[in-house]
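These are the residues of each chain, in order.
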Amino acid sequence: MNVRAYPACLPLLILAFAAVVVSCHGPAEEDASPTLTEDERYIVLLYMKITEIEMNLQDNPEEQGKKWDELRTEFDPARIRAALDGLEKDPARWVAVYERISELTQRRRDRRREIEVGS
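All values reported here derive from a predicted model rather than from experimental measurement. (Residues numbered from 1 in each chain as written. Predicted model: local features only at pLDDT ≥ 70, side-chain atom pairs only at ≥ 80, totals over all residues. Heavy atoms only, no water.)

On a plain count of helices and strands, the protein chain comes out with five helices and zero strands. The helix and strand sequence of the protein chain, counted from the amino end, reads α-α-α-α-α. Of all 119 residues assigned to the protein chain, the portion counted as buried reaches 29%. Of the contacts formed within the protein chain by residues at least 6 apart in sequence, a portion of 79% connects residues at least 24 apart. Of the roughly 7,900 Å² of accessible surface on the protein chain, a fraction of 54% belongs to carbon and sulfur atoms. (Helix = DSSP H or I, 4+ residues; strand = E, 2+ residues; numbered from the N terminus. Buried < 20%, exposed > 50% of the residue type's maximum accessible area, 1.4 Å probe, protein only. Contact = heavy atoms within 4.5 Å. Areas by Shrake-Rupley, 256 points an atom, 1.4 Å probe, with all protein chains shown as cover.)

Take a look at the structure:
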């Protein structure tokens, strides 16, 4: 697998898997804790960083290599793998991860709209 392509495809993999889980299992079960584990928060943070880099690279494509290198040094691949393995053991937890990503993405959009309107 191309090392540079790995960070770019991770958000798509996360969202695709979450969509499958949601469609197969319906709403999150009541006994599932809405609180994310530390590893799940790590995955959410990684996803948000990747999407932020992708948005910023549209404005500054010449910084692409530098930004991906920074991301690689900031995140631990072994921890990412362990977090993903943990989520594979309890696929219903993907729903909580997806919901948090969705919430943070919406907040980011709302902040950008506020900035655009305020300008």
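This brings us to the packing of helix H4 (residues 77-89) against helix H5 (residues 93-118). Running from amino to carboxyl end, H4 crosses H5 at an angle of 125 degrees, the nearest separation of the two axes being 8 Å. Classified by the angle between their axes, H4 and H5 sit oblique to one another. Across from Leu84, Leu87 and Glu88 in H4, the residues of H5 making contact are Arg93, Trp94 and Val97. (Axes fitted to C-alpha atoms, helices over the stretch in contact; angles between N-to-C directions. Parallel < 35°, antiparallel > 145°, perpendicular 65-115°, else oblique.)

The full count for this structure, using the stated rule, is one aromatic pair. Seen from their ring centres, Tyr42 and Phe75 are 5.3 Å apart, and the 65 degrees between their planes marks the pair as edge-to-face. Of the two residues, Tyr42 is situated in helix H2 (residues 38-59) and Phe75 in the loop between helix H3 (64-74) and H4; the sequence distance between them amounts to 33 residues. The two residues Tyr42 and Phe75 agree in class, both being buried. Here the basic side chain of Arg79 rests over the ring of Tyr42, its NZ or CZ set 3.9 Å away from the ring centre. (Phe/Tyr/Trp six-rings, centres within 6.5 Å; stacked < 30°, edge-to-face > 60°. Lys NZ or Arg CZ within 6 Å of the ring centre and 35° of its normal.)

Formed by 22 residues in total, the largest nonpolar core has its most connected members in Ile43, Val44, Leu71, Ile80 and Val97. Secondary structure elements with two or more residues in this core: H2, H3, H4 and H5. It is H2 that provides the largest number of residues to this core, a total of nine residues. (Core = buried A, V, L, I, M, F, W, Y, C linked by side-chain atoms within 4.5 Å.)

Looking now at the side chain of Arg108. Its place among the elements puts Arg108 in helix H5. Summary of buried charges: Arg108 has no salt-bridge partner, and the nearest side chain of opposite charge, Glu52, is 4.1 Å away. Only 2.9 Å separates the side chain of Arg108 from the side chain of Thr51, close enough to count as a polar contact. With residues near it in sequence (within four places) discarded, Arg108 still touches Met48, Thr51, Glu52 and Met55. (Lys, Arg positive; Asp, Glu negative; His and termini not counted. Salt bridge = Lys/Arg side-chain N within 4 Å of Asp/Glu carboxyl O. Polar contact = N/O pair within 3.5 Å; in protein donor to acceptor, adjacent residues only side chain to side chain.)

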